[in-house]
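Here is what each chain is made of, one letter per residue.
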Amino acid sequence: MAEKTKLILLRLEGVLQAWGDHSKWDERDSGDFPSKSGVAGLLACAMGLERGDPEIGRLSRELVMAVRADRPGVRMVDFHTVQGKPRLTTAGGGQRSESASTIVSRRGYLQDASFLAVLQTTPEWQERILTGLKAPKWSLFLGRKSCVPSRPVLEGVTEEYDNVLDALFHHPAERMPGEKSSPAGLRYECDSGLSQGSSYSRPDERLDGERSFALRQVVTGIVPGEVDGCI
(Lines give C-alpha, C1' and ligand atoms only; values in the text may rest on other atoms or scores of the structure.)
Protein backbone atom coordinates (compact mmCIF):
# COMPACT_ATOMS: atom_id res chain seq x y z
CA MET A 1 0.00 0.00 0.00
CA ALA A 2 1.36 3.41 -0.97
CA GLU A 3 2.27 5.73 1.87
CA LYS A 4 -0.25 8.51 2.33
CA THR A 5 0.72 12.16 2.01
CA LYS A 6 0.89 14.02 5.31
CA LEU A 7 -0.30 17.61 5.01
CA ILE A 8 -0.26 20.48 7.50
CA LEU A 9 -3.36 22.69 7.59
CA LEU A 10 -3.09 26.29 8.75
CA ARG A 11 -5.94 28.67 9.54
CA LEU A 12 -4.81 32.23 8.83
CA GLU A 13 -7.56 34.38 10.32
CA GLY A 14 -7.52 37.73 12.05
CA VAL A 15 -8.99 41.21 12.30
CA LEU A 16 -6.16 42.45 10.05
CA GLN A 17 -3.73 40.73 7.71
CA ALA A 18 -1.08 42.20 5.41
CA TRP A 19 0.88 40.15 2.87
CA GLY A 20 3.13 42.54 0.97
CA ASP A 21 4.00 41.88 -2.66
CA HIS A 22 5.66 45.13 -3.74
CA SER A 23 6.16 47.01 -0.49
CA LYS A 24 8.79 49.71 -0.92
CA TRP A 25 9.61 52.59 1.40
CA ASP A 26 6.43 54.51 2.23
CA GLU A 27 4.07 52.36 0.10
CA ARG A 28 3.18 49.05 1.79
CA ASP A 29 0.65 46.95 -0.10
CA SER A 30 -1.07 43.64 0.63
CA GLY A 31 -1.72 40.80 -1.82
CA ASP A 32 -5.06 39.03 -2.07
CA PHE A 33 -3.57 35.83 -0.64
CA PRO A 34 -0.97 35.10 2.04
CA SER A 35 2.51 35.17 0.53
CA LYS A 36 4.89 32.22 0.74
CA SER A 37 7.57 34.46 2.24
CA GLY A 38 5.11 35.62 4.92
CA VAL A 39 4.05 32.08 5.80
CA ALA A 40 7.71 30.97 5.91
CA GLY A 41 8.38 33.89 8.26
CA LEU A 42 5.47 32.88 10.48
CA LEU A 43 6.80 29.32 10.68
CA ALA A 44 10.31 30.62 11.37
CA CYS A 45 8.94 32.63 14.33
CA ALA A 46 7.21 29.53 15.67
CA MET A 47 10.46 27.53 15.43
CA GLY A 48 12.64 30.31 16.81
CA LEU A 49 14.77 30.89 13.71
CA GLU A 50 16.58 34.22 13.91
CA ARG A 51 16.37 36.72 11.06
CA GLY A 52 19.33 36.05 8.80
CA ASP A 53 19.29 32.29 9.43
CA PRO A 54 19.84 30.55 6.04
CA GLU A 55 17.52 27.79 7.25
CA ILE A 56 14.60 30.12 6.43
CA GLY A 57 15.56 30.06 2.75
CA ARG A 58 15.82 26.27 2.80
CA LEU A 59 12.41 26.04 4.47
CA SER A 60 10.87 28.18 1.72
CA ARG A 61 12.44 26.11 -1.07
CA GLU A 62 11.27 22.82 0.46
CA LEU A 63 7.73 24.03 1.13
CA VAL A 64 4.79 23.38 -1.23
CA MET A 65 1.89 25.70 -0.43
CA ALA A 66 -1.65 26.28 -1.63
CA VAL A 67 -4.11 28.79 -0.12
CA ARG A 68 -7.90 29.07 -0.28
CA ALA A 69 -9.81 32.24 0.59
CA ASP A 70 -12.76 31.11 2.69
CA ARG A 71 -13.37 34.79 3.45
CA PRO A 72 -11.33 37.11 1.20
CA GLY A 73 -11.73 40.05 3.56
CA VAL A 74 -12.22 43.75 2.85
CA ARG A 75 -9.36 45.97 1.74
CA MET A 76 -8.41 49.01 3.76
CA VAL A 77 -5.56 51.54 3.71
CA ASP A 78 -4.17 53.08 6.86
CA PHE A 79 -2.06 56.23 6.94
CA HIS A 80 1.02 56.38 9.17
CA THR A 81 3.42 59.20 9.85
CA VAL A 82 7.05 58.16 10.08
CA GLN A 83 9.82 60.48 11.17
CA GLY A 84 12.74 60.23 8.78
CA LYS A 85 16.09 59.23 10.29
CA PRO A 86 18.44 60.67 9.18
CA ARG A 87 16.62 63.89 8.37
CA LEU A 88 15.75 64.69 4.77
CA THR A 89 18.21 66.82 2.82
CA THR A 90 17.28 70.25 1.51
CA ALA A 91 18.09 71.52 -2.00
CA GLY A 92 20.97 73.52 -0.52
CA GLY A 93 22.54 70.42 1.04
CA GLY A 94 21.43 71.07 4.62
CA GLN A 95 19.05 69.01 6.73
CA ARG A 96 15.39 69.67 7.27
CA SER A 97 13.88 69.94 10.73
CA GLU A 98 12.39 66.84 12.35
CA SER A 99 8.85 68.03 11.61
CA ALA A 100 9.71 68.68 7.95
CA SER A 101 11.30 65.22 7.69
CA THR A 102 8.07 63.42 8.54
CA ILE A 103 7.00 60.91 5.87
CA VAL A 104 3.39 59.81 5.26
CA SER A 105 3.24 56.02 4.79
CA ARG A 106 0.24 54.25 3.28
CA ARG A 107 -0.22 50.64 4.38
CA GLY A 108 -2.73 48.19 2.95
CA TYR A 109 -4.54 45.51 4.97
CA LEU A 110 -7.19 42.83 4.59
CA GLN A 111 -9.92 43.05 7.23
CA ASP A 112 -11.70 39.98 8.66
CA ALA A 113 -10.20 37.55 6.15
CA SER A 114 -9.89 33.81 6.71
CA PHE A 115 -7.57 31.59 4.67
CA LEU A 116 -6.91 27.86 4.62
CA ALA A 117 -3.22 27.22 3.86
CA VAL A 118 -2.20 23.64 2.98
CA LEU A 119 1.48 22.81 3.34
CA GLN A 120 3.54 19.84 2.17
CA THR A 121 7.20 19.44 3.01
CA THR A 122 9.84 16.95 4.12
CA PRO A 123 9.39 14.81 7.28
CA GLU A 124 12.18 16.82 8.95
CA TRP A 125 10.41 20.13 8.42
CA GLN A 126 7.02 18.63 9.30
CA GLU A 127 8.28 17.67 12.73
CA ARG A 128 9.98 21.03 13.33
CA ILE A 129 6.96 23.03 12.10
CA LEU A 130 4.44 21.10 14.21
CA THR A 131 6.61 21.35 17.32
CA GLY A 132 6.93 25.09 16.79
CA LEU A 133 3.26 25.77 16.08
CA LYS A 134 2.15 23.83 19.17
CA ALA A 135 4.46 25.90 21.40
CA PRO A 136 5.71 28.96 19.44
CA LYS A 137 9.06 30.40 20.46
CA TRP A 138 7.98 33.92 19.45
CA SER A 139 4.66 35.64 18.80
CA LEU A 140 3.05 34.80 15.46
CA PHE A 141 1.64 37.43 13.12
CA LEU A 142 -0.17 37.51 9.79
CA GLY A 143 2.28 39.36 7.57
CA ARG A 144 2.98 42.36 9.82
CA LYS A 145 3.68 42.39 13.53
CA SER A 146 0.51 44.40 14.19
CA CYS A 147 -1.63 41.65 12.60
CA VAL A 148 -2.35 39.14 15.36
CA PRO A 149 -4.14 35.82 14.61
CA SER A 150 -7.61 35.62 16.15
CA ARG A 151 -7.37 31.83 16.62
CA PRO A 152 -4.67 29.16 16.76
CA VAL A 153 -2.80 29.01 13.46
CA LEU A 154 -2.42 25.21 13.42
CA GLU A 155 -5.70 23.70 12.23
CA GLY A 156 -4.41 20.15 12.05
CA VAL A 157 -2.41 17.46 10.29
CA THR A 158 -4.13 15.12 7.85
CA GLU A 159 -3.50 12.12 5.62
CA GLU A 160 -7.08 12.19 4.36
CA TYR A 161 -6.30 13.82 1.02
CA ASP A 162 -4.21 12.67 -1.93
CA ASN A 163 -2.27 15.91 -2.33
CA VAL A 164 -2.24 19.63 -1.56
CA LEU A 165 -4.80 20.53 -4.22
CA ASP A 166 -7.14 17.71 -3.19
CA ALA A 167 -7.13 19.11 0.37
CA LEU A 168 -7.78 22.61 -0.93
CA PHE A 169 -10.77 21.41 -2.96
CA HIS A 170 -12.39 19.22 -0.30
CA HIS A 171 -11.48 20.40 3.21
CA PRO A 172 -14.56 22.02 4.85
CA ALA A 173 -14.73 25.78 4.55
CA GLU A 174 -14.72 28.19 7.48
CA ARG A 175 -18.03 30.06 7.66
CA MET A 176 -19.57 32.53 10.06
CA PRO A 177 -22.80 31.44 11.83
CA GLY A 178 -25.64 31.76 9.34
CA GLU A 179 -23.28 32.47 6.44
CA LYS A 180 -24.22 30.73 3.19
CA SER A 181 -21.82 29.31 0.65
CA SER A 182 -20.68 31.70 -2.07
CA PRO A 183 -22.46 31.13 -5.41
CA ALA A 184 -19.31 32.30 -7.15
CA GLY A 185 -17.19 29.66 -5.39
CA LEU A 186 -14.04 30.05 -3.32
CA ARG A 187 -10.87 31.43 -4.90
CA TYR A 188 -7.50 29.78 -4.41
CA GLU A 189 -3.85 30.34 -5.23
CA CYS A 190 -1.16 27.69 -5.56
CA ASP A 191 2.25 26.99 -7.08
CA SER A 192 1.93 26.83 -10.87
CA GLY A 193 3.02 23.18 -10.99
CA LEU A 194 -0.02 22.08 -8.97
CA SER A 195 -2.84 23.36 -11.18
CA GLN A 196 -3.63 24.33 -14.76
CA GLY A 197 -4.35 27.90 -15.79
CA SER A 198 -2.75 31.23 -16.48
CA SER A 199 0.15 31.93 -14.15
CA TYR A 200 1.70 35.11 -12.86
CA SER A 201 4.70 35.97 -10.69
CA ARG A 202 4.86 36.82 -7.00
CA PRO A 203 8.20 37.97 -5.54
CA ASP A 204 7.78 35.83 -2.43
CA GLU A 205 10.21 32.90 -2.63
CA ARG A 206 12.71 33.50 0.15
CA LEU A 207 16.33 33.07 -0.85
CA ASP A 208 17.74 33.38 2.66
CA GLY A 209 16.81 34.69 6.09
CA GLU A 210 17.20 38.32 5.05
CA ARG A 211 15.10 40.38 2.64
CA SER A 212 16.14 38.63 -0.57
CA PHE A 213 13.37 37.14 -2.67
CA ALA A 214 12.92 35.34 -5.98
CA LEU A 215 9.88 35.24 -8.25
CA ARG A 216 7.44 32.37 -7.78
CA GLN A 217 4.98 31.35 -10.50
CA VAL A 218 1.46 30.91 -9.10
CA VAL A 219 -1.98 30.08 -10.48
CA THR A 220 -5.33 31.33 -9.21
CA GLY A 221 -8.63 29.55 -9.72
CA ILE A 222 -12.04 28.69 -8.30
CA VAL A 223 -12.65 25.59 -6.17
CA PRO A 224 -14.78 23.29 -8.35
CA GLY A 225 -18.18 22.39 -6.91
CA GLU A 226 -19.03 23.55 -3.42
CA VAL A 227 -17.09 23.04 -0.21
CA ASP A 228 -19.68 22.37 2.50
CA GLY A 229 -19.32 22.29 6.25
CA CYS A 230 -18.12 24.59 8.96
CA ILE A 231 -15.02 23.93 11.02
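All values derive from a computational prediction rather than experimental measurement. All chains use their own residue numbering, which begins from 1 and follows the written sequence. Local features in a predicted model are, by the rule used here, given only for residues with pLDDT of at least 70; side-chain atom pairs are given and counted only at 80 or more, and totals for whole chains, interfaces and linings are based on all residues. Heavy atoms throughout the structure, all of them, feed into the side-chain values; hydrogens and water do not.

(A) Spotlight on unusual backbone geometry. Residue D112 is not a glycine yet carries a positive backbone phi of 55 degrees. Elements are defined by DSSP. Helices are runs of H or I of four residues or more, strands are runs of E of two residues or more, and each kind is numbered from the N terminus. With respect to the helices, strands and loops of the structure, D112 is situated in strand β5 (residues 102–120).

(B) Representation of the packing of helix α1 (residues 36–47) against helix α3 (residues 123–134). At their nearest, the axes of α1 and α3 sit 7 Å apart, and the two run at 70 degrees to each other. It follows that α1 is roughly perpendicular to α3 by the angle criterion. For the pair formed by α1 and α3, the contact residues are L42, L43, A46 and M47 on the first element and W125, R128, I129, G132 and L133 on the second. Counted by class, the contact of α1 with α3 contains seven nonpolar, one polar and one charged residues. Interaxial angles span 0 to 180 degrees and are taken between N-to-C directions of axes, which are lines fitted to C-alpha atoms, for helices over the stretch in contact. These descriptions rest on fixed angle ranges, namely under 35 degrees for roughly parallel, over 145 for roughly antiparallel, 65 to 115 for roughly perpendicular, and the rest for oblique. Residues are treated as being in contact if the distance between any of their heavy atoms lies within 4.5 Å. Residues were grouped as follows: Ala, Val, Leu, Ile, Met, Phe, Trp, Tyr, Cys and Pro as nonpolar; Asp, Glu, Lys and Arg as charged; and all remaining residues, including Gly, as polar.

(C) Representation of the environment of S198. In this fold, S198 is placed in the loop between β7 (187–191) and β8 (199–206). As a C-alpha pair, S198 and Q217 span 19 residues in sequence and 9.8 Å in three-dimensional space. Setting aside anything within four residues of it in sequence, one finds S198 in contact with V218, V219 and T220.

(D) Just α3, in detail. A helix's residues, less one, multiplied by 1.5 Å, set its expected span. Its twelve residues give α3 an end-to-end C-alpha distance of 17 Å, which sits within 8% of 16 Å, the value for a rise of 1.5 Å per residue. Here's how the labels work: a residue is buried when its accessible area is under 20% of the maximum for its type, exposed when over 50%, partly exposed in between, all with a 1.4 Å probe on protein chains only. Turning to α3, its buried residues number three or more, namely W125, Q126, I129, L130, G132 and L133. Viewed along the axis of α3, the buried residues span an arc of 165 degrees, placing them on a single side of the element. Across α3 from its buried face, at more than 90 degrees, point the exposed residues P123, E127, T131 and K134. This arc describes the spread of directions from the helix axis toward the C-beta atoms.

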